[in-house]
Amino acid sequence: MRPFNFSAGPAALPVEVLQQAASEMLDWHGSGMSVMEMSHRGHEFTSIIETAQADLRELLGVPSNYKILFVQGGGIGENAIVPMNLFGRCRKADFVVTGSWSDKSHKEAKRYGEGHLAASTKGSFTRIPAFGEWQVSSDSAYLHLCSNETIDGVEFNDFPDLGDLPIVADASSHILSRPLDVSRFGVVYGGAQKNIGMAGVTIVIVRDDLLDQAMSICPSAFEWKTIAANDSMFNTPPTYAIYIAGLVFKWLKAQGGLAAIERRNIEKATLLYETIDNSSFYLNKVERSARSRMNVPFFLADETLNDAFLAGAKARQLLQLKGHKSVGGMRASLYNAVQIDAVHALVDYMKEFERTRA
Ligand SMILES: *Cc1c(COP(=O)(O)O)cnc(C)c1O
């Protein structure tokens, strides 16, 4: 059996996907080539990217007036690529800062224009500010938020209706963990290495009317209109990462799609949060209504036991539980590929550690 991997990203992949990639490594579907070795313009890779795109559109129910782009640059790259694509007419955007990632997005966008803070919980990233408290500008190009804060463990369960103001969501760490109504957003983006596949490809889902608002300084290779017009082939796309994402999409469909995976994700998160809440030995500080199902940061009441906790976890094949350096403590990421038995193994260990050390 493989160890249980709770990495925040790059993160665990479904074992079936890894096995299939291994079996196809030297010869993809009788082509005599690895996916890494084939032309991105040949019919083999064209079928891989087209199928991946169609499967993603079906899984998320992406409306026909949105383009799905496969690009490079990661979530952090998008922090610059988004403003460069949307500041062409109006160089101002609103930001809701609910954690480290949205804070980074806000800072980076300010290099290209004005970044107005509509709402922020900076100082204590433990909640989502009530929509009624948001000070939204009337003259912004878009409002940016991070729908799941990977480091702080804060997740949006709902989104406000801002009328004509498009919402741009960094959904890197919970995309495909639950159904998402794409029509409520102007742009949804995410790096693949959390819930979609491997590092190297970033998914951008963008509404058609937002494709012609780029700044003239935007590099052609990052201009959504150019990428869309070339079916994500303006330059060589990250072919192998797109192939792996495609295998994950097929795996998700076989699991029953996003409603089925959401039920499992709720079950996993509930098990871990209940274990934390039922003990005074472990602590999660996020308000219940804003707790992330994907990333569960938690602390030991006695932080001098952190190293012992991690060493014991590792000995039980529970890997990558150390919290982000900016937050400390522990973090268990429960992405789609993490099965319920991994969470059972984790909570069994947590209870045992508490019994022997409390
Ligand atoms: C991981 C992550 C990023 C950063 O992605 P990179 O691929 O390292 O650029 C950005 N936003 C969120 C929400 C993330 O989880």
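Residues numbered from 1 in each chain as written. Predicted model: local features only at pLDDT ≥ 70, side-chain atom pairs only at ≥ 80, totals over all residues. Heavy atoms only, no water.

An unreviewed UniProt entry annotates the protein as Phosphoserine aminotransferase originating from Pararobbsia alpina. Under the Sequence similarities (unreviewed entry) heading, UniProt states for the protein: "Belongs to the class-V pyridoxal-phosphate-dependent aminotransferase family. SerC subfamily." The annotation that UniProt attaches to the protein under Subunit (unreviewed entry) is "Homodimer." (UniProt positions renumbered as here; feature names shortened; annotations may be inferred.)

Caption draft 1: Just helix α4 (residues 100–109), in detail. Taken together, the buried positions of α4 are Ser 100, Ser 102, Asp 103, Ser 105, His 106 and Ala 109. In this structure, the buried residues of α4 make contact with α3 (74–86), β3 (92–97), β4 (114–120), β5 (143–146), β6 (148–149) and β9 (187–191). (Buried < 20%, exposed > 50% of the residue type's maximum accessible area, 1.4 Å probe, protein only. Helix = DSSP H or I, 4+ residues; strand = E, 2+ residues; numbered from the N terminus. Contact = heavy atoms within 4.5 Å.)

Caption draft 2: Quick look at the domain arrangement of the protein. Per the domain assignment, the segments of the protein are domain 1 (15–254) and domain 2 (257–357). Taken over C-alpha atoms, the centre of domain 1 sits 27 Å from the centre of domain 2. The partner domain 2 presents 25 residues to the 25 residues of domain 1 that form the contact. Taken together, the two surfaces of domain 1 and domain 2 that pack against each other cover about 2100 Å², and 55% of this comes from carbon and sulfur. In this structure, the connection of domain 1 to domain 2 is made through zero salt bridges. If you look at where domain 1 meets domain 2, you find 12 residue pairs in polar contact (both at pLDDT 80 or more). (Domains from an automatic or database assignment. Buried area = accessible area lost by both parts, 1.4 Å probe. Salt bridge = Lys/Arg side-chain N within 4 Å of Asp/Glu carboxyl O. Polar contact = N/O pair within 3.5 Å; in protein donor to acceptor, adjacent residues only side chain to side chain.)

Caption draft 3: The site of the ligand, seen in detail. Looking at the ligand, the residues that line it are Gly 74, Gly 75, Ile 76, Trp 101, Cys 146, Asn 148, Thr 150, Asp 170, Ser 172, Ser 173, Gln 193 and Lys 194. The backbone of Ile 76 places a nitrogen or oxygen atom 2.8 Å from an oxygen atom of the ligand. Taking Asp 170, its side chain carries an N or O atom lying 2.6 Å from a nitrogen atom of the ligand. Calculation on the ligand without its partners gives an accessible area of 390 Å², and the protein chains cover 85% of this total. The cavity that encloses the ligand is the second largest pocket. In terms of residues, the shell around the ligand owes the most to one element, α3, which gives three residues. Of the residues contributing to the shell around the ligand, the split by class is three nonpolar, seven polar and two charged. (Near = heavy atom within 4 Å. Areas by Shrake-Rupley, 256 points an atom, 1.4 Å probe, with all protein chains shown as cover. 1 Å grid on protein atoms, 1.4 Å probe; cavity = no way out; pocket = protein on both sides within 12 Å on 5 of 7 lines; lining within 4 Å. Sits in = over half its atoms within 2 Å of the grid points. Nonpolar A, V, L, I, M, F, W, Y, C, P; charged D, E, K, R; others polar.)

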